Amino acid sequence: MTANMGTVDRIIRIILAILFVLLIVTGAVQGVVATILGILAVVFVLTSIIRFCPGYVPFNINTDRKKT
């Protein structure tokens, strides 16, 4: 797995994950929507940590400036 996520991409994902968690915790979203946002939050955090997004591979997207 070669890193394919840049710093800005990772920061945006972390911010979105925090926003999703806040929406769930405050009760602004519930039910199926809360479940989906919770799953997305976990995926965003994990992909940010490992700097690899499998969804980018089929489209040959690479936001990492250090293209290896």
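In case you missed it, the structure is sitting above this.
Residues numbered from 1 in each chain as written. Predicted model: local features only at pLDDT ≥ 70, side-chain atom pairs only at ≥ 80, totals over all residues. Heavy atoms only, no water.

**Some details on helix α2 (residues 32-50)**
Since the α-helix turns once every 3.6 residues, residues separated by three or four places project in the same direction. Relative to the 27 Å expected for 19 residues at 1.5 Å per residue, α2 spans 27 Å between its end C-alpha atoms, a close match to the ideal helical length. What α2 keeps buried is the set A34, L37, A41, F44, T47 and S48. Across the axial projection of α2, the buried residues extend over an arc of 160 degrees, all falling on one side. Structural note: α2 exposes V32, I39, L46 and I49 on the side pointing more than 90 degrees away from its buried face. Looking at the buried side of α2, the elements it contacts are α1 (7-26). Of the residues trailing α2, R51 is marked for its positive phi of about 60 degrees. (Helix = DSSP H or I, 4+ residues; strand = E, 2+ residues; numbered from the N terminus. Expected span 1.5 Å × (residues − 1). Buried < 20%, exposed > 50% of the residue type's maximum accessible area, 1.4 Å probe, protein only. Arc of directions from axis to C-beta. Contact = heavy atoms within 4.5 Å.)

**Points about the nonpolar core**
Listed in full, the seven residues of the largest apolar core are A17, F20, V29, A34, L37, A41 and F44. The set of elements that each furnish at least two residues to this core consists of α1 and α2. The residues touching A17, leaving out its near neighbours within four places in the chain, are A41, F44 and V45. (Core = buried A, V, L, I, M, F, W, Y, C linked by side-chain atoms within 4.5 Å.)

**Quick notes on a nonpolar patch on the surface**
Where nonpolar side chains cluster on the molecular surface, the patch consists of M1, I14, I18, L22, V42, V45, L46, I49 and I50 and spans about 880 Å² of accessible area. Taken together, the elements giving at least two residues each to the nonpolar patch come down to α1 and α2. Counting residues per element, the nonpolar patch draws most heavily on α2, at five residues. (Patch = residues over 30% accessible without salt bridge, like charges linked within 9 Å, V, L, I, M, F, W, Y side chains within 5 Å. Areas by Shrake-Rupley, 256 points an atom, 1.4 Å probe, with all protein chains shown as cover. Salt bridge = Lys/Arg side-chain N within 4 Å of Asp/Glu carboxyl O.)

**Regarding α1**
For α1, with 20 residues, the first-to-last C-alpha span of 29 Å sits near the 28 Å given by 1.5 Å per residue. Residues D9, R13, A17 and F20 constitute the buried set of α1. For α1, the arc enclosing every buried residue in end-on projection is 75 degrees, short of the 170-degree limit, so these residues lie on one face. Across from the buried face of α1, at angles greater than 90 degrees, the exposed residues are T7, V8, I15, V25 and T26. Against α2 lie the buried residues of α1. Note on α1: the residue one or two positions beyond its end, G27, has a positive phi of about 85 degrees.

By themselves, these figures tell us nothing about what the structure is for.
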